[in-house]
Amino acid sequence: MNNKYFVTIGLEIHIVLNTNTKMFSPAKNTHENTINNHLNEIDLALPGTLPSVNENAVKKAIQLANALHMKINANPITFDRKNYYYWDLPKNFQITQQFNPIGENGYVLLDDDNETKITIERIQLEEDTAKQIKIENTNDLLLNYNRAGLPLIEIVSNPVLHSSKEVELYLTALKEICLFMDVSDAKMEDGSMRVDVNISLSKDEKTFGTKVEIKNINSISNASLAAEYEIKRQTAILEKNEVVEQETRRFDDVSKTTIFMRKKSNAVDYRYMTEANILAIHTPQKFVDEVLNNAPIHPYIIKNNLKQNNLSKKDINLLLSDKKIYSLFMQAYEINKDYKDACRWILNELMGILNKQELTVNDLNDKSINDLFLFIKDYKDNKFNSKQAKDLFNKIFVSHLDYCNELKKLQNETKTYTDEELLKMLNDFLSTHLETKQELTTRYEKAEKFIMGSMMKLTKGQANPIRIKELLNKIK
């Protein structure tokens, strides 16, 4: 909500599905940085070619519709033609689902204090266009048809968002769902998730102002910044008693402002018609049920499980930001059955080191991942203490040394204390610190902390603190 004007925002989001092939052709679905080498006759709209519906794309669309709490329109599944001319559209029409979208009337819950519900009008399957490549300092425009025909789902929200923060939370929630439901990699930097933001300002919530569209925003943070800037820009216009023009704008990454592209009219007529080359597909309920039974776990369920195990909101958001981070975390948890400890090694230590090196979990090779889990298992088995663990972890992931060799060196350099030796040291210490010995019965936590620190100092950090605690508990 703006201080003086009522803000209304609706989002149109295009998600590239992570299928092996394109929406209507057998060409490879890829974001490889190559030019015109993943296409066939259908993508080029050569005469006589006919589209064939990608079954896996349909399955993913059904699963996404269900994850968004939608009515699923899968019997029949139909497609339509959206007619318009542009250089990047080989057929001069786009195959989409105007009249019978695969999902209708859904919602997502925002990760805020009130779990705000953002309603979604529809999701629809369609095909992508070719990619335009502008040659600098010339009027030349090249086309890369690798993108032509990529399988898309368009997600159209209702105009029910009212702030840049809600835009950020809504996009984050959708990205989590697409990632964890295995619908899309949702990599905005690769174009797998593209956002159009529609914003209008009015004096009250019963009327809409003039809508301005901001096209093809390439990150969640930029979508939030674009919304924030556009709210301020339109507010300044209204404050001067001027009229906000209906237009299409783009967001500039450098200036963090929206920039005029073209005037927009409500009178666009795409002459929608049923796609004659794709007959209605009648899918029995048994097919839909099987698709839904094989769907991955909804991230909302994952998030609730993590909350119940007392993980912080910050840690949960980081875990759900990347499917591979979450996978490493769960594998660490399976080893030690301790959520906090898994957080320590995956989020705090590993991600901390990778961030400093400007790397991601995708840069880890198989050996590094294998060493990571060997390390976590050995730490659980008390082969080294917490201080030694920190040093060893840095040797593996900062200095990139071999874990097994470093562990062997550590074990050769470390004195092993038997229970008898540790008990004798504890008893000797308590016999010379009678006040501390008394506090074991009156102020145990304070006494334990002092004794543990003293014992680790006496053993030069080489004794196992867990074993010292266990022995101390026996003699208290």
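What about helix 3 (residues 220-239)?
Between its first and last C-alpha, helix 3 extends 29 Å over 20 residues, near the 28 Å set by a 1.5 Å rise per residue. Among the residues making up helix 3, those that are buried are Ile 220, Asn 222, Ala 223, Ser 224, Ala 226, Ala 227, Glu 230, Ile 231, Arg 233, Gln 234, Thr 235 and Ile 237. Structurally, helix 3 contributes buried residues whose contacts are with strand 1 (6-16), helix 2 (164-180), strand 10 (193-202), strand 11 (212-217), strand 12 (247-252) and strand 13 (257-263). Note on helix 3: the residue one or two positions beyond its end, Asn 241, has a positive phi of about 60 degrees.

Things to note about the environment of Pro 47
For Pro 47, the location among the structural elements is in the loop between strand 1 and helix 1 (55-67). For Pro 47, a relative accessible area of 80% gives the class exposed. Each C-alpha atom, one on Pro 47 and one on Lys 91, is 9.8 Å from the other, the two residues being 44 residues apart in sequence.

Thoughts on the pattern of salt bridges
On inspection of all chains with the given rule, the structure shows 33 salt bridges. Across the pair Lys 4 and Glu 239 runs a salt bridge whose closest N-O atoms are separated by 3.1 Å. Of this pair, Lys 4 sits in the segment before strand 1 while Glu 239 sits in helix 3; the two residues are 235 residues apart in sequence, bridging distant segments of the chain. The class for Glu 239 is partly exposed, based on a relative accessible area of 41%. The salt bridge partner of Asp 128 is Arg 147, with a shortest N-O separation of 3.7 Å. Taken together, the residues span a long stretch of sequence, with Asp 128 in the loop between strand 6 (117-127) and strand 7 (131-134) and Arg 147 in the loop between strand 8 (141-144) and strand 9 (151-157) at a distance of 19 residues.

Let's talk about the sheet that holds strand 10
Spatially, 9 strands are ordered 2-5-6-9-1-10-11-12-13 in an open sheet, and the strand pairing comes out mixed. For this open sheet the edge positions go to strand 2 (71-72) and strand 13, each flanked by a neighbour on one side alone. Pairing between strand 1 and strand 9: 5 bridges, direction antiparallel. Pairing of Glu 12 across the sheet is with Val 156, part of strand 9. Helix-sheet contacts for helix 1 involve strand 2, strand 5 (103-109), strand 6 and strand 9, and the interaxial angle to strand 6 is about 175 degrees. Its contacts with the sheet put helix 3 on strand 1, strand 10, strand 11, strand 12 and strand 13, and the angle it makes with strand 10 is roughly 25 degrees.

Let's talk about the packing of aromatic side chains
Under the counting rule described, the total for this entry stands at 18 aromatic pairs. Ring geometry for Tyr 84 and Tyr 270: centres 5.9 Å apart, planes at 70 degrees, overall edge-to-face. Of this pair, Tyr 84 sits in the loop between strand 3 (80-83) and strand 4 (93-96) while Tyr 270 sits in the loop between strand 13 and strand 14 (273-274), and the two are 186 residues apart along the sequence. You can call Tyr 84 partly exposed: its relative accessible area is 25%.

Some remarks on empty space enclosed by the protein
Throughout the structure, instances matching the rule amount to 1 cavity of 30 Å³ or more. By volume, the largest cavity is sized at about 80 Å³. As for the largest cavity, its lining consists of Phe 24, Ser 25, Ile 42, Asp 43, Leu 89, Pro 90, Lys 91, Phe 93, Glu 127, Asp 128, Ala 148 and Gly 149. The residue makeup of the lining of the largest cavity, split by class, is 6 nonpolar, 2 polar and 4 charged.

Here's the deal with the environment of Ile 302
Turning to its location among the elements, Ile 302 is positioned in helix 5 (residues 299-308). By relative accessible area, which is 10% here, Ile 302 ends up buried. Not counting residues up to four positions away in its chain, the partners in contact with Ile 302 are Phe 180, Ile 297, Leu 320 and Tyr 326.

Section: the pairing of strand 10
Among the 10 residues that make up strand 10, 10 are buried, leaving the element largely enclosed by the rest of the structure. Burial along strand 10 is two-sided: the residues Met 193, Val 195, Val 197, Ile 199 and Leu 201 and Arg 194, Asp 196, Asn 198, Ser 200 and Ser 202 are all buried. Where strand 1 lies against strand 10, 10 bridges are found, and the strand directions are antiparallel. Directly across from Ile 15, in strand 10, lies its bridge partner Met 193.

Remarks on unusual backbone geometry
Of note, the bond from Asn 75 into Pro 76 is cis; its omega dihedral lies within 30 degrees of zero at 5 degrees. In this fold, Pro 76 is placed in the loop between strand 2 and strand 3. Residues other than glycine seldom take positive phi values, yet Glu 358 does so here, at roughly 55 degrees. Tracing the chain through its elements places Glu 358 in the loop between helix 8 (339-356) and helix 9 (366-380). Overall, Glu 358 belongs to the exposed group, its relative accessible area being 71%.

Calculation rules
- Residues numbered from 1 in each chain as written.
- Predicted model: local features only at pLDDT ≥ 70, side-chain atom pairs only at ≥ 80, totals over all residues.
- Heavy atoms only, no water.
- Helix = DSSP H or I, 4+ residues; strand = E, 2+ residues; numbered from the N terminus.
- Expected span 1.5 Å × (residues − 1).
- Buried < 20%, exposed > 50% of the residue type's maximum accessible area, 1.4 Å probe, protein only.
- Contact = heavy atoms within 4.5 Å.
- Salt bridge = Lys/Arg side-chain N within 4 Å of Asp/Glu carboxyl O.
- Pairing = 2+ DSSP bridges.
- Axes fitted to C-alpha atoms, helices over the stretch in contact; angles between N-to-C directions.
- Phe/Tyr/Trp six-rings, centres within 6.5 Å; stacked < 30°, edge-to-face > 60°.
- 1 Å grid on protein atoms, 1.4 Å probe; cavity = no way out; pocket = protein on both sides within 12 Å on 5 of 7 lines; lining within 4 Å.
- Points joined across faces, edges and corners; volume = space filled by probe spheres on them.
- Nonpolar A, V, L, I, M, F, W, Y, C, P; charged D, E, K, R; others polar.

Keep in mind these numbers describe shape, not what the thing actually does.
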